[in-house]
Number of protein chains: 2
Amino acid sequence: MIKVIITEDNDTIREGLCLLINASDGMECIARFTNCEDMLTALPGLKPDVFLQDIGLPGMSGIEGVKNIVQQIPGATILMLTVFEDEENIFEALKAGASGYLLKKTPPAQLIEAIKDAFHGGSPMSSNIARKVVTFFKQAPSSKLKESYGLSQREKDILASLAEGNSYKIIADKLFICIDTVRSHIRNVYKKLHVHNQSEAVAKAFKDGII
Amino acid sequence: MIKVIITEDNDTIREGLCLLINASDGMECIARFTNCEDMLTALPGLKPDVFLQDIGLPGMSGIEGVKNIVQQIPGATILMLTVFEDEENIFEALKAGASGYLLKKTPPAQLIEAIKDAFHGGSPMSSNIARKVVTFFKQAPSSKLKESYGLSQREKDILASLAEGNSYKIIADKLFICIDTVRSHIRNVYKKLHVHNQSEAVAKAFKDGII
DNA sequence: GGCACAATCGCATGATCATGCTATTAAAGC
DNA sequence: GCTTTAATAGCATGATCATGCGATTGTGCC
């Protein structure tokens, strides 16, 4: 039996969830609360497997609640069940330690599946939530929208080679060009990046995702 | 009709997928390839909605393939379909622009659902993949446990100053120490990081999050 | 054709760095 | 008390770099 705890202030939704869970095979709702404070004080006496956690609660927010839960029970399985679809809430909840993130409009059958999934180590997420999480990765490190300061491919190559610790001589040999050409390229890189030595150039290249 | 392109080197799997998709309502496999190179050259003539992309391919890897696809078609919907479950591959694929990530052991019915889901803006992921992605967020802020290679605070300061483009002389003045001391610290940094010049040290510092 | 620009090459010189070896002091650990 | 380590400092030298000035090619654009 998967033992579930619900924290949700809306009476209709809370009781509905409770009924749904108890009506499903293999799981039961062992407790339900209208706010985080009550849930946290009652927690030590309970041995829940999965938390269903609203975000918009009176008093302590659901996300704060998640932080407190993981403090008491590291590795707890927590499913956010909320109306909020904004990235702020999503990422905050996941950072706090939530395992999954479902929207309240999730159909009952799927919700039951999600609880089972989470209990077995999965991370159920509503479709559009998953897309937002994935999109986060695309933006973060691969932001090649940046100007690159107009560096040519050759200049980027040489800059990258520099970051690997190669000297002008080595770079020249690797690229089959003369050392003076390397010098010339790096000189241009410095101009474009507005720097005056290798370290600063490499640092800027990393910060701005050129390398 | 959702138009699907498959890139997969294993004949059995590729043809199986193709049959499965063509047997499903609302989608068809308009092309299939055994490697990325062929796929990319044929791409301009096709108007696919969803890519099914293997990772372990001969020649260009599937992840490199993804990067090339998004260059040609920004916003393309790409589903990774692979045996790799390691975080390296998962995150690289998502960073490159994949919309979803499925394991090859995914049952056919679920695969079809995933294609539809992706087409409609979702990000289908196998359960354990989703968990790994979610876990990434938990670690993210507390990932300051990184080795740092045993650099002392002073050494980190000097390394950071170096990355700002300061010369030994400037660093010495800023920290109110002698230039030979700066030299000495940097010498130790080089030893600890196993590098032999500023650029490599700065690059490593960025890669490993020391700075 | 003319213009801009990337990529190539050359030379010279003062500035800066990498590295070897040594040494002192204070704090931390056993 | 002894050992280790971080932080400080010194010296010397060959290697490497930063920068100024100049030059030739090929490509793409108007």
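Heads up: these notes are all about the structure in this document. Keep in mind that what you see is a predicted model, and the values were worked out from it rather than measured.

This part covers the side chain of S199 of chain A. Assignment of secondary structure puts S199 of chain A in helix α10 (residues 198–207). For S199 of chain A, a relative accessible area of 0% corresponds to the buried category. Apart from the residues within four sequence positions on either side, S199 of chain A is in contact with L162, A163, Q198, S199 and V202 of chain B.

What follows deals with the sheet that holds strand β1 (residues 2–7) of chain A. All names here are of chain A. Strand order in the open sheet made by the five strands is β2-β1-β3-β4-β5, with parallel pairing throughout. The two strands at the open ends of the sheet, each matched to only one other strand, are β2 (27–33) and β5 (100–103). Shown here is a sheet whose adjacent strand axes are inclined to one another by a mean of 25°, direction ignored. Bridge count for β1 against strand β3 (residues 50–53) is four bridges, and the pairing is parallel. When the sheet's bridge partners are listed, I6 is paired in β3 with L52. Against the sheet, helix α3 (residues 62–72) makes contact with β3 and β4 (77–82), and its axis sits at roughly 175° relative to β4, the strand it touches most.

On to the pattern of salt bridges, then. A full pass over the atoms with the stated rule returns 26 salt bridges over all chains. Measuring nitrogen to oxygen at the nearest pair gives 2.9 Å for the salt bridge that ties D11 of chain A to R14 of chain A. Of this pair, D11 of chain A and R14 of chain A are both found in helix α1 (residues 11–22), three residues apart, which corresponds to roughly one turn of the helix. The buried category is assigned to R14 of chain A, whose relative accessible area is 8%. Note that R183 of chain B is salt-bridged to D180 of chain B, the shortest N-O span being 3.3 Å. Of the two residues, R183 of chain B and D180 of chain B both sit in helix α9 (residues 179–193), three residues apart, roughly one turn of that helix. Looking at D180 of chain B, the relative accessible area reads 46%, which means it is partly exposed.

Time to look at the layout of surface pockets. The volume enclosed by the second largest pocket comes to roughly 990 Å³. Elements represented by at least two residues in the lining of the second largest pocket include exactly β5, α5 (108–119) and α6 (127–139) of chain A together with β5 (100–103), α5 (108–119) and α6 (127–139) of chain B. Ranked by residues supplied to the lining of the second largest pocket, first place goes to α5 of chain A with six residues. Tallied by class, the residues present in the lining of the second largest pocket amount to 15 nonpolar, 12 polar and seven charged.

Rules and cut-offs
Residues numbered from 1 in each chain as written. Chains lettered and ligands numbered in written order. Predicted model: local features only at pLDDT ≥ 70, side-chain atom pairs only at ≥ 80, totals over all residues. Heavy atoms only, no water. Helix = DSSP H or I, 4+ residues; strand = E, 2+ residues; numbered from the N terminus. Buried < 20%, exposed > 50% of the residue type's maximum accessible area, 1.4 Å probe, protein only. Contact = heavy atoms within 4.5 Å. Pairing = 2+ DSSP bridges. Axes fitted to C-alpha atoms, helices over the stretch in contact; angles between N-to-C directions. Salt bridge = Lys/Arg side-chain N within 4 Å of Asp/Glu carboxyl O. 1 Å grid on protein atoms, 1.4 Å probe; cavity = no way out; pocket = protein on both sides within 12 Å on 5 of 7 lines; lining within 4 Å. Points joined across faces, edges and corners; volume = space filled by probe spheres on them. Nonpolar A, V, L, I, M, F, W, Y, C, P; charged D, E, K, R; others polar.

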